[in-house]
Amino acid sequence: MIHALSHAFWDTLQTLPILLAVYLLLEFLESRRITERLAGTVEKIGPAAGALVGCIPQCGFAAAASSLYSQKFLSAGTLIAVFLSTSDEALPILLASPDGWDKVIPLLAAKLILAIGAGYLFQWTLFRKETSVPGEASIQETIDHDCCGHHSHTPGKWAVLWQAVRRTLHIGVFLLITSAVVELAVHGLGEDLLNKLLLNGSVFQPLLTALMGLIPGCAVSVILTQLFLAGNLSFGAAVAGLATGAGFGYLVLVKECRDWKAIGKIAGCTYLAAAAAGMALQLIAG
């Protein structure tokens, strides 16, 4: 047990410098309003833009997109594309782990292709009668929804540093907890039993992880990424779980959109697309 906790602690400690570097870059972009301008372009281009913007590891985009959809400035297809491409904290964690570097491009590519394809598919079929209202939305207000607790503003250099440090520590705590849980689970249950509980090796594992991804918040993306790096999740299952994960996007959608039928369709389409893609990748990649 002590060995498992020690292993989790040192693994987490080694990732913190790289996480800090990634978050410093992201906070700098945020301070220059670059992410805010990118979010604004999504209104005009549609699912392709939504998928591209969602790839940026800034967990406020999904919540912002939900708010924009509720105000009729985004189509449902674009919102689904944002949800599917958003990975929350997965990218920084993968970049911070030497074992995760070779997984970044395949993961982003799979999620991007899925998001664009599913976004247009649903927009042209199930949501073809839906109309969005062109105009100017308050991007600054909507992008303020952030599951990591920081807000869109124009801070000074010390504020940028503080936000980056705070996000690093915030995710670092999640990493430490999830790493410890995984290590203790493997130690206590045994890797064989843990793999059985997670349906490891089964074509149905993506169904489970896609369901887990629907849980609001960044913590699930941290857990799924850690399990993926530990070898307890297949590539297809990781794609499925991280594709449905959308930070607090679902909660913002429930709070601001009163159309429960539309909310159910959006969540259902997101889940079905992610689960189907994950199962397909499971069959192809194993």
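Here the structure is a predicted model, which is why all the values come from computation and not from measurement.

As for the overall build of the protein chain
- The helix and strand inventory of the protein chain stands at 15 helices and 0 strands.
- Scored against the burial criterion, the 286 residues of the protein chain give a buried share of 51%.
- By sequence separation, contacts in the protein chain at least 24 residues apart represent 83% of the contacts at least 6 residues apart.
- Of the roughly 12,800 Å² of accessible surface on the protein chain, 70% is carried by carbon and sulfur atoms.

So, helix α11 (residues 205–213)
- Inspection of α11 places Q205, P206, T209, A210 and G213 among the buried residues, and these make up the whole buried set. In a view along the axis of α11, the buried residues occupy a sector of 125 degrees, so they form one face of it.
- Check the buried side of α11 and you find it contacts α12 (219–229), α13 (235–244), α14 (249–256) and α15 (260–285).

Quick look at the packing of aromatic side chains
- A full pass over the atoms with the stated rule returns 3 aromatic pairs.
- Between Y120 and W124, the aromatic rings sit 5.1 Å apart at their centres with planes inclined by 40 degrees, giving tilted as the arrangement. Of this pair, Y120 and W124 are both found in helix α7 (residues 101–124), 4 residues apart, which corresponds to roughly one turn of the helix.
- Assessed through its relative accessible area of 21%, Y120 is described here as partly exposed.
- Across from the ring centre of F228, 5.9 Å away, lies the NZ or CZ of K103, which sits over that ring.
- Over the ring of F127 we find K265; its NZ or CZ atom is 4.6 Å from the centre of that ring.

A word on the UniProt feature "transmembrane region" (unreviewed entry) in the protein chain
- With numbering matched to this structure, UniProt assigns "transmembrane region" (unreviewed entry) to residues 12–29, 104–122, 168–186, 207–229, 235–254 and 266–285.
- Secondary structure over residues 104–122 splits into 100% helix and 0% strand, and the C-alpha atoms at its two ends are 27 Å apart.
- Between the end C-alpha atoms of residues 235–254 there is a gap of 30 Å, over a span that is 80% helix and 0% strand.

About the criteria used
- Residue positions are counted from 1 within each chain, in the order its sequence is given.
- Side-chain atom pairs in this predicted model are given and counted only at pLDDT of 80 or more, local residue features only at pLDDT of at least 70, and totals for whole chains, interfaces and linings cover all residues.
- In computing side-chain values, all of the structure's heavy atoms are included and hydrogens and water are not.
- Counting from the N terminus, the helices are the DSSP runs of H or I reaching at least four residues and the strands are the DSSP runs of E reaching at least two.
- Relative accessibility under 20% of the residue-type maximum defines a buried residue, over 50% an exposed one, and the middle range a partly exposed one, all with a 1.4 Å probe and only protein chains included.
- Here, residues are in contact when the closest pair of their heavy atoms is within 4.5 Å.
- To measure how exposed things are, a 1.4 Å probe is used in the Shrake-Rupley method; for residues, cover is taken only from the protein chains shown.
- Relevant arc is that of directions from the helix axis to the C-beta atoms, nothing else.
- Think of it this way: a Phe, Tyr or Trp ring, Trp meaning its six-membered ring, pairs with another when their centres are within 6.5 Å, and the plane angle makes it stacked under 30 degrees, edge-to-face over 60, tilted otherwise.
- Criterion for a charge above a ring: Arg CZ or Lys NZ at most 6 Å from the ring centre, at most 35 degrees from the ring normal.
- UniProt positions are given in the numbering used here, feature names are shortened, and annotations may be inferred rather than shown by experiment.

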